[in-house]
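Listed below are the residues making up each chain.
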Amino acid sequence: MAEKGVAVDVVNVDPENKPAELSDHNPYNDLPTLVDRDLVLYESDIMMEYLDERFPHPPLLPVYPVARAQSRLMMYRIRKDWSRLADAILADPAGASAGANRKELKESLIATAPIFAEMPYFMSEEFTIVDCCVSALLWRLPVLGVELDDSQAKPILKYMDRIFQRESFQSSLSELEKEMRH
């Protein structure tokens, strides 16, 4: 929404103490939940695509069907491969599998470093919805206990610097998210 310049009222919710009215909007009682007039959405990828269609400028999904499908597939892979590991680490940061999950996440990111070097954005000449997905995960690496170094991940680190400096990225961060890197 920040990338599109859309004004929004954000209600921060403690995931451990969700308000009762959340279940009135969302049958799964999960977060995030988007309420836009009479429409309620509660799945991140669906929310992002809806917002891209509702506020078409600048477009965050490619125009061409093949490129759109590739973007959707990449979003799926980010969620299935990297976000799954991040969620497992956050759920039990000191657990028996946390170290293995950190290692797998780091190695998987490093394996994609050449992709980050090919274009200014993730697999694209333009900033897209995929960048929104991957940048949110990359921002959280310190909290996840995953450190990338220049010798193995220089293209990713350069990408992170470029994305994290975007005005829209900075303005989208909550206070809690800002504290993650300080």
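Refer to the preceding data block for the structure.
Residues numbered from 1 in each chain as written. Predicted model: local features only at pLDDT ≥ 70, side-chain atom pairs only at ≥ 80, totals over all residues. Heavy atoms only, no water.

Undergrad: How should the overall build of the protein chain be read in this particular structure?
TA: Looking only at helices and strands, one finds ten helices and two strands in the protein chain. Element order for the protein chain, N to C, with α for helix and β for strand: α-β-β-α-α-α-α-α-α-α-α-α. In terms of overall size, the protein chain behaves like a compact globule, its C-alpha atoms giving a radius of gyration of 17 Å where 182 residues would be expected to give roughly 16 Å. For the protein chain, the residues scored as buried account for 35% of the 182 residues in total. Within the protein chain, counting contacts between residues at least 6 apart in sequence, those at least 24 apart form 56% of the total. Taken as a whole, the protein chain presents about 11,400 Å² of accessible surface, with 54% of it coming from carbon and sulfur. Across the protein chain, the 20 positively charged side chains and the 31 negatively charged ones have centroids separated by 5 Å. (Helix = DSSP H or I, 4+ residues; strand = E, 2+ residues; numbered from the N terminus. Rg over C-alpha atoms; globule rule 2.2 N^0.38 Å. Buried < 20%, exposed > 50% of the residue type's maximum accessible area, 1.4 Å probe, protein only. Contact = heavy atoms within 4.5 Å. Areas by Shrake-Rupley, 256 points an atom, 1.4 Å probe, with all protein chains shown as cover. Lys, Arg positive; Asp, Glu negative; His and termini not counted. Charge placed at Lys NZ, Arg CZ, Asp CG, Glu CD.)

Undergrad: What exactly am I supposed to notice about helix α8 (residues 150-164) here?
TA: Each turn of an α-helix holds 3.6 residues, which means side chains three or four residues apart point in the same direction. Here α8 spans only 17 Å end to end across 15 residues, well under the 21 Å set by a 1.5 Å rise per residue. A bend of about 40 degrees at Ile156 is the largest found in α8. If you check which residues of α8 are buried, you get Ala153, Ile156, Tyr159, Met160, Ile163 and Phe164. At its buried positions, α8 is contacted by α4 (98-111), α5 (113-118), α6 (129-139), α7 (141-144) and α9 (167-172). (Expected span 1.5 Å × (residues − 1). Bend = angle between axes of the 7 residues up to and from the residue.)

Undergrad: What's the story with the packing of aromatic side chains in this structure? I'm lost.
TA: Centre distance and the angle of the planes are the two values used to describe a pair of aromatic rings. Counted according to the given criterion, the structure contains eight aromatic pairs. Summarising the aromatic geometry, the rings of Phe116 and Phe122 are spaced 4.8 Å apart at their centres and angled 55 degrees between planes, so their arrangement reads as tilted. Assigned by exposure class, Phe116 and Phe122 land together as buried. Aromatic pair Trp139 and Phe164: ring centres 4.9 Å apart, planes at 85 degrees, arrangement edge-to-face. A residue pair is termed long-range when its members are at least 10 positions apart, and Trp139 in helix α6 and Phe164 in helix α8 qualify at 25 residues. You can call Trp139 buried: its relative accessible area is 6%. Here a set of aromatic residues connected by ring pairs shows up, and it is made of Trp82, Phe116, Phe122 and Tyr159. (Phe/Tyr/Trp six-rings, centres within 6.5 Å; stacked < 30°, edge-to-face > 60°.)

Undergrad: Hey, could you run me through the packing of helix α3 (residues 65-91) against α6 in this one?
TA: The relative placement of two packed helices is expressed as an angle between their axes plus a distance between the axes. Relative orientation of the contacting elements α3 and α6 amounts to 10 degrees, with a least axis distance of 9 Å. Taken as axis vectors, α3 and α6 run roughly parallel relative to one another. In this structure, α3 uses Ser71, Met74, Met75, Ile78, Trp82, Ser83 and Ala86 to contact α6, whose residues at the interface are Ile129, Val130, Cys133, Val134 and Leu137. Looking at the contact of α3 with α6, its residues break down into ten nonpolar, two polar and no charged. (Axes fitted to C-alpha atoms, helices over the stretch in contact; angles between N-to-C directions. Parallel < 35°, antiparallel > 145°, perpendicular 65-115°, else oblique. Nonpolar A, V, L, I, M, F, W, Y, C, P; charged D, E, K, R; others polar.)

Undergrad: Just to check I follow, could you spell out a nonpolar patch on the surface for this structure?
TA: Together, Met1, Val8 and Val10 give the surface a local cluster of nonpolar side chains, amounting to about 250 Å² of exposed area. Examined against the element boundaries, Val10 turns out to sit in the segment before α1 (22-25). Its relative accessible area of 58% is what places Val10 among the exposed residues. (Patch = residues over 30% accessible without salt bridge, like charges linked within 9 Å, V, L, I, M, F, W, Y side chains within 5 Å. Salt bridge = Lys/Arg side-chain N within 4 Å of Asp/Glu carboxyl O.)

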